[in-house]
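Understanding the architecture of this molecule
Here is what each chain is made of, one letter per residue.
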Amino acid sequence: METILKSILTCPNCNVSKKETMPTNACQFFHECASCGTVVKPLEGDCCVFCSYGSVPCPPIQQAQSCCGK
């Protein structure tokens, strides 16, 4: 299965969505919404913002690997 590197992040504050490229070598713990400026963090139990607010989970999770020590 091919790893998807693009995910649509949706801001939980203003609901604006934007396509973003996911890093393959690190977790992304913070993301600033381009629309409202809210800085979002992963929900409890998730490793990164893509797993919490993205349309596709991060590459390590897609590959059934641990992500950032979790």
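Keep in mind that this is a model prediction, so the values were computed, not measured.

1. Concerning the environment of cysteine 47
- Here cysteine 47 shows up in the loop between β4 (39-40) and α1 (49-53).
- Spatially, the C-alpha atoms of cysteine 47 and cysteine 27 are 7.0 Å apart, while their sequence positions differ by 20 residues.

2. Details of a nonpolar patch on the surface
- Together, Phe29, Phe30 and Val39 line one region of the surface with nonpolar side chains, adding up to about 310 Å² of accessible area.
- Along the chain, the position of phenylalanine 29 falls in the loop between β2 (17-21) and β3 (31-32).

3. Re the environment of tyrosine 53
- As for its placement among the helices and strands, tyrosine 53 is situated in helix α1.
- Spatially, the C-alpha atoms of tyrosine 53 and methionine 22 are 12 Å apart, while their sequence positions differ by 31 residues.
- Setting aside residues up to four positions removed in sequence, tyrosine 53 forms contacts with Ile8, Leu9, Thr10, Pro12, Val40, Lys41 and Leu43.

4. A look at the pairing of β2
- Bridging between strand β1 (residues 6-10) and β2 involves 5 bridges; their strand directions are antiparallel. Residue pairing in the sheet places lysine 6 in a bridge with threonine 21 of β2.
- Between β1 and β2, which pair antiparallel and follow one another directly, the connecting turn spans 6 residues, one of which, asparagine 15, has a positive phi of 65 degrees.

5. Looking at the nonpolar core
- Core analysis: the largest hydrophobic core is formed by 11 residues, namely Leu9, Met22, Cys27, Val40, Cys47, Cys48, Val49, Phe50, Tyr53, Val56 and Cys58.
- Per-element accounting of this core gives the leading share, 3 residues, to α1.
- If we skip the residues at most four places from it in the chain, phenylalanine 50 touches Ser7, Leu9, Glu20, Thr21, Met22, Pro23, Gln28, Val56, Pro57 and Cys58.

Basis of the calculations
- Residues numbered from 1 in each chain as written.
- Predicted model: local features only at pLDDT ≥ 70, side-chain atom pairs only at ≥ 80, totals over all residues.
- Heavy atoms only, no water.
- Helix = DSSP H or I, 4+ residues; strand = E, 2+ residues; numbered from the N terminus.
- Patch = residues over 30% accessible without salt bridge, like charges linked within 9 Å, V, L, I, M, F, W, Y side chains within 5 Å.
- Areas by Shrake-Rupley, 256 points an atom, 1.4 Å probe, with all protein chains shown as cover.
- Salt bridge = Lys/Arg side-chain N within 4 Å of Asp/Glu carboxyl O.
- Contact = heavy atoms within 4.5 Å.
- Pairing = 2+ DSSP bridges.
- Core = buried A, V, L, I, M, F, W, Y, C linked by side-chain atoms within 4.5 Å.
- Buried < 20%, exposed > 50% of the residue type's maximum accessible area, 1.4 Å probe, protein only.

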